[in-house]
Amino acid sequence: MSTRRTVFCNARLVDPASGLDAKGGLLVENGRIADVAPKLFADIDRNDPEVIDCHGRMLAPGLIDMRVFTGEPGSEHRETLESASRAAVAGGVATIIVMPNTDPVIDEPSLVDFIRRRAEATARVRVLPMAALTRHLAGEVMTEMGLLKEAGAVAFTDGDRTIANTRVLRRALAYASTFGLLVVGHAEDPDLTEGSAVNEGEYAMRLGLPAAPAAAETMIVERDIRLVELTGARYHVAQISCRASLEAIGAAKARGLPITCGVAAHHLALNELDVGPYYTFMKVKPPLRSEDDRRAMVEGVASGIIDVIVSSHDPQAADTKRQPFAQAAFGAVGLETLLPVALSLVHNGDCDLAQALRALTSSPAKILGLETGMLAKGAPADLALIDADIPFVVDPDKLHSRARNTPFEGRRYQGQAVMTFVGGECVFDRSAENRT
Amino acid sequence: MSPAPAAIPILKTGHLLGIEALSVDEITGLLDLAEEYVALGRAKEKKSPLLKGRTVINLFFEPSTRTQSSFELAGKRLGADVMNMSVRTSSVSKGETLIDTATTLNAMRPDILIVRHQDSGAAAMLARKLDCCVANAGDGSHEHPTQALLDALTIRRRGRRFQGLTVAICGDVLHSRVARSNIHLLSKMGARVRLVGPKTLMPGEVARYGVEVFTDMREGLAGADIVMMLRLQLERMSGAFVPSTREYFRFWGLDRKKLAFAKPGALVMHPGPMNRGVEIDSEVADDIEVSVIREQVEMGVAIRMAVLDALSRGLPAGEHPARVARNGDES
């Protein structure tokens with residue numbers, strides 16, 4: 001990490017962890033935050049080469065995206081750790097948590113090590129792997145969680161697969177709790193959702209598409225809540241997408257269970273009608289739900305029942321999306337639209353700024369036990385300089401990801417990262433990009 | 001018999017992808033035109049030179065003897081060059097996408113592409129990517145517009161008015177594109193649509209179509225003018241959606257006893273091919289007093305001629321100047 005000094009002045013410091021939201025400055029030394037305070041560096045010479053004048057824009061902790069799928073190893077044509085990291089930094093994201101759904105599956109300590117080394121050599125952001133909860137993601141035999149943890153796995157999940165066998169899941173949760181490990185679950189009943197492409201409802205009926213009800217998600221959430229009660233494991237539902245799931249998690253939290261949950265940005269911004277005339281970029285897992293469910297997700301972020309907003313970034317090559325809807329692949333890229341979508345909640349008055357940013361920074365950091373995600377003395381200097389008001393139209397050709405499957409094409413948003421720092425190092429500068 | 005040279009347009013768009021987007025005028029226009037082709041089909045000289053020089057491609061990703069031959073005959077009677085392509089296994093299994101197939105076909109410069117595909121939305125997808133007119137011959141569980149049109153023509157030629165007509169559509173509504181297209185068409189034309197079937201074969205939100213929903217055949221058929229039976233796919237009969245064919249026949253198979261609840265003189269329709277003894281009793285199916293199933297087949301050819309005619313009215317005339325100009329481009 002950098003040994004240079006960097007001074008940020010004239011910034012609007014926003015730190016959801018401490019509740020700070022004030023004009024001030026921040027000092028980075030040796031890759032860490034050496035000082036941060038309101039009114040700091042107010043009188044500094046802004047032409048000094050080590051000074052970055054923030055012009056009153058927002059300086060926040062670099063974002064942490066808890067759910068990113070890449071194609072490395074196994075399908076690098078979709079996305080590599082390097083290309084995902086380029087998308088990440090352009091979105092103000094300083095840490096990505098990558099899913100084990102690769103080929104081979106990340107279910108061996110040596111593969112966790114591979115991801116970490118590969119990321120160190122190629123990626124511009126911190127890349128933290130989640131390891132598989134069961135071998136080959138088959139939902140049958142638990143992985144070597146202790147050894148995987150030692151190798152650097154931050155949590156355990158079968159990614160976008162639900163473990164159908166409750167006996168297996170119960171034991172995996174119990175074993176994970178032995179080491180205090182975090183288990184992350186995907187909530188879609190595999191039988192009820194088999195072959196389905198969209199949310200069950202009037203629109204799916206009109207399109208004649210195979211559909212599954214939102215209850216397929218909620219019943220897994222409820223099942224898993226019972227298993228957490230039984231085992232005491234720390235459990236995080238990777239993504240919820242409907243009101244009933246939100247209510248179930250709210251009730252579980254009220255009972256004091258160690259449960260947290262996330263929501264994908266697209267479930268905050270889009271609903272089932274956005275599928276339109278069989279638009280396959282809208283095919284995601286879990287599917288886009290009703291408008292009432294979308295509203296519930298926004299309310300969940302505002303109330304804090306939803307802890308984390310994720311991109312659920314899932315790059316797909318053109319050939320798997322250019323298919324009839326039912327055959328097309330699931331997934332949407334989202335690293336670069338994560339922050340703008342979250343800020344849209346703030347602009348719409350649905351949620352305050354601190355709450356939206358908390359779900360992208362300190363909250364995932366706390367769940368994963370990371371020392372980043374906050375503007376605190378001594379913390380790693382992962383920072384996002386954000387212009388919260390800059391308007392733009394999402395243009396797939398301008399995305400940094402290797403894939404183009406964004407469901408937000410042509411949509412207008414307000415607010416983007418203008419600079420991103422990881423460990424004090426500037427890894428993205430939008431103004432430099434626009435010049436070239 | 002063939003329409004005047006400067007034929008007036010019937011369809012507002014260059015494709016026929018479904019009934020949902022059609023207006024009452026468009027539907028009536030197609031039915032009126034089809035009447036002319038019914039007469040032509042019964043004449044000794046059955047051919048019209050209307051589509052002479054045009055190329056029509058029948059692209060079928062699903063086997064369908066009936067619809068495919070009906071479109072083929074319609075094209076030939078209008079003088080077009082008709083090519084049949086069955087892509088059930090070949091290219092798709094080689095990893096070729098639907099779009100690749102379409103691009104290849106596009107290069108052959110067809111004027112009209114007729115497509116049948118097992119996935120909902122496939123016809124719309126091709127229409128977006130191709131230069132030619134696309135007619136949907138059935139896409140997944142979405143729409144089968146020519147079937148609804150031929151059903152309407154059959155009903156109309158039997159002297160029934162759509163306004164206030166009660167039509168009971170019975171069986172597997174969930175998977176049926178025929179049901180969806182008929183619900184749209186009949187509702188637009190002022191008929192009252194009822195749906196009858198077990199709840200496993202009925203979409204949960206089906207009442208949102210503005211239809212009445214019944215599980216009991218006797219109640220659903222009571223006072224109906226038309227009884228439209230749907231085909232139950234074999235793989236859905238044994239345990240998956242209904243316990244057995246005999247149980248299905250007992251409760252939802254159309255026999256004389258159940259038909260007796262309909263209005264006297266009610267007509268029985270079926271899109272074919274029929275599963276005798278499953279959704280319909282042979283005694284009813286073959287009774288020419290009530291069953292218009294064979295007539296539906298005849299109307300099918302006339303409707304498809306009308307559709308090809310209507311679509312061709314939107315095609316550039318003469319030597320396709322627009323296309324010649326594009327030569328050398330990859331499309």
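Residues numbered from 1 in each chain as written. Chains lettered and ligands numbered in written order. Predicted model: local features only at pLDDT ≥ 70, side-chain atom pairs only at ≥ 80, totals over all residues. Heavy atoms only, no water.

**Examining the overall build of chain A**
Of the regular secondary structure elements, chain A holds 15 helices and 19 strands. Over its C-alpha trace chain A gives a radius of gyration of 21 Å, about what one expects of a compact globule, namely 22 Å for 436 residues. Judged by the C-alpha coordinates and their principal axes, chain A covers about 65 × 50 × 40 Å. Taken across its 436 residues, chain A has 63% of its residues classed as buried. Here the analysis covers contacts within chain A between residues at least 6 apart in sequence; of these, 74% occur between residues at least 24 apart. Accessible surface for chain A amounts to roughly 16,100 Å². Of this, 48% is attributable to carbon and sulfur atoms. (Helix = DSSP H or I, 4+ residues; strand = E, 2+ residues; numbered from the N terminus. Rg over C-alpha atoms; globule rule 2.2 N^0.38 Å. Buried < 20%, exposed > 50% of the residue type's maximum accessible area, 1.4 Å probe, protein only. Contact = heavy atoms within 4.5 Å. Areas by Shrake-Rupley, 256 points an atom, 1.4 Å probe, with all protein chains shown as cover.)

**Some remarks on the overall build of chain B**
Per the secondary structure count, chain B includes 13 helices and nine strands. Here chain B has a C-alpha radius of gyration of 20 Å; the compact-globule value for 331 residues is 20 Å, and the two agree. Overall size of chain B, expressed as C-alpha extent along the three principal axes, is 65 × 45 × 35 Å. Taking all 331 residues of chain B together, 56% fall into the buried category. Accessible area of chain B: about 14,100 Å², with a carbon and sulfur share of 52%. Each charge sign in chain B was given a centre, from 43 positive and 39 negative side chains, and these centres are 2 Å apart. (Lys, Arg positive; Asp, Glu negative; His and termini not counted. Charge placed at Lys NZ, Arg CZ, Asp CG, Glu CD.)

**Observations concerning the layout of surface pockets**
For the second largest pocket, the calculated volume is near 430 Å³. Along the wall of the second largest pocket there are 25 residues; nearest its centre are B:L17, B:G18, B:E20, B:A21 and B:H142. Taken together, the elements giving at least two residues each to the lining of the second largest pocket come down to α6 (202-207) of chain A together with α5 (122-129) and β4 (133-139) of chain B. The element contributing the most residues to the lining of the second largest pocket is α5(B), with four residues. Looking at the lining of the second largest pocket residue by residue, the classes come out as 12 nonpolar, six polar and seven charged. (1 Å grid on protein atoms, 1.4 Å probe; cavity = no way out; pocket = protein on both sides within 12 Å on 5 of 7 lines; lining within 4 Å. Points joined across faces, edges and corners; volume = space filled by probe spheres on them. Nonpolar A, V, L, I, M, F, W, Y, C, P; charged D, E, K, R; others polar.)

**Points about the domain arrangement of chain A**
Residues and elements named next belong to chain A. You can read the domains of chain A as domain 1 (5-59 + 381-389 + 412-435) and domain 2 (62-368). With centres defined by C-alpha atoms, the gap from domain 1 to domain 2 works out at 29 Å. With 24 residues of domain 1 at the contact, the number on the domain 2 side is 24 residues. Note on domain 1 versus domain 2: buried area summed over both sides is about 1,800 Å², and carbon and sulfur give 67% of it. Contact with domain 2 buries area across many residues of domain 1, yet P16, D382 and Y413 alone supply 32% of it, more than any other trio. (Domains from an automatic or database assignment. Buried area = accessible area lost by both parts, 1.4 Å probe.)

**Overview of the interface of chain A and chain B**
Contacts between the two partners involve 16 residues from chain A, matched on the other side by 22 residues from chain B. Of all residues in chain A, the largest losses of buried area upon contact with chain B belong to A:M205, A:R206 and A:Y278, amounting jointly to 40% of the total for that side. Viewed at the interface, chain B and chain A are joined by two salt bridges. Between A:E202 and B:R208 there is a salt bridge whose closest N-O contact spans 2.6 Å. The tally of links from chain A across to chain B stands at nine residue pairs in polar contact (both at pLDDT 80 or more). The element that contributes the greatest number of residues to the side of chain A that touches chain B is α6(A), accounting for four residues. A per-class count over the side of chain A that touches chain B returns eight nonpolar, four polar and four charged. (Salt bridge = Lys/Arg side-chain N within 4 Å of Asp/Glu carboxyl O. Polar contact = N/O pair within 3.5 Å; in protein donor to acceptor, adjacent residues only side chain to side chain.)

**Here we look at the side chain of B:D255**
All names here are of chain B. Structurally, D255 is set in the loop between α9 (245-252) and α10 (256-259). Judged by its relative accessible area of 17%, D255 is buried. Reaching out from D255, the side chain makes a polar contact with the backbone nitrogen of K258 at a distance of 2.9 Å.

**Regarding empty space enclosed by the protein**
Residue and element names in this part refer to chain A. Summed over the entire model, instances satisfying the criterion amount to four cavities of 30 Å³ or more. Estimates place the volume of the largest cavity at around 80 Å³. The wall of the largest cavity is formed by 15 residues, among which I163, L169, G185, H186 and Y235 lie closest to the centre. At the level of secondary structure, the elements contributing two or more residues to the lining of the largest cavity comprise β11 (182-185) and α7 (215-231).

**A word on the sheet that holds strand β6 (residues 63-68) of chain A**
Residues and elements named next belong to chain A. Reading across the sheet, the three strands line up as β6-β7-β8 and stay open at both edges, with parallel pairing between neighbours. Single-partner strands in this sheet number two, and they are β6 and β8 (126-129). Averaged over neighbouring strand pairs, the angle between their axes works out to 20° when direction is ignored. Strand direction decides the pairing type here: strand β7 (residues 93-98) and β8, joined by four bridges, are parallel. The residue of β8 that forms the bridge with I96 is V127. Its contacts with the sheet place helix α1 (residues 81-90) against β7 and β8, and it is angled at close to 140° to β7. Sheet strands in contact with helix α2 (residues 109-122) are β7 and β8, and its direction is about 175° off that of β8. (Pairing = 2+ DSSP bridges. Axes fitted to C-alpha atoms, helices over the stretch in contact; angles between N-to-C directions.)

**So, the sheet that holds strand β3 (residues 112-117) of chain B**
Residues and elements named next belong to chain B. Spatial ordering of the open sheet is given by β2-β1-β3-β4, a layout of four strands whose pairing is parallel. This sheet does not close on itself; its edge strands, each paired only once, are β2 (81-86) and β4. Between one strand axis and the next, the sheet turns through 15° on average, direction left out of account.

**Some remarks on the pairing of strand β17 (residues 383-393) of chain A**
All names here are of chain A. As paired elements, strand β5 (residues 58-61) and β17 share four bridges and run antiparallel to each other. Counted as the bridge partner of L59 is L385 from β17. Bridging between β17 and strand β18 (residues 412-422) involves eight bridges; their strand directions are antiparallel. Note on β18: the bridge partner recorded for L385 is M419.

**Some remarks on helix α7 (residues 177-188) of chain B**
Residue and element names in this part refer to chain B. Taking 1.5 Å of rise per residue, 12 residues should cover 16 Å, and α7 covers 17 Å from first to last C-alpha, within 8% of that figure. When α7 is considered as a whole, its buried residues turn out to be R177, V178, A179, R180, S181, N182, I183, H184, L185 and L186. The N-cap residue of α7 is S176: its side-chain oxygen and the backbone nitrogen of V178 are 3.2 Å apart. (Expected span 1.5 Å × (residues − 1).)

**Here we look at the packing of helix α6 (residues 145-157) of chain B against α7(B)**
Residue and element names in this part refer to chain B. It is at 8 Å that the axes of α6 and α7 come closest, and there the two elements cross at 55°. The pairing of α6 with α7 is recorded here as oblique in orientation. Seen from above, α6 lies across α7 with right-handed handedness. Of the residues in α7, those touching α6 at P145, Q147, A148, L149, D151, A152 and I155 are V178, S181, N182, L185 and L186. Tallied by class, residues from the contact of α6 with α7 come to eight nonpolar, three polar and one charged. (Parallel < 35°, antiparallel > 145°, perpendicular 65-115°, else oblique. Left-handed = near helix turned anticlockwise from the far one by under 90°.)

**Structural notes on the pattern of salt bridges**
All names here are of chain A. Going through the model one piece at a time under the given rule, you end up with 44 salt bridges over all chains. One salt bridge in this structure joins R226 and E229, with 3.1 Å as the shortest N-O distance. On the criterion of helical spacing, the pair formed by R226 and E229 is a turn pair, its members being three residues apart in helix α7. Since its relative accessible area comes to 52%, R226 is described here as exposed.

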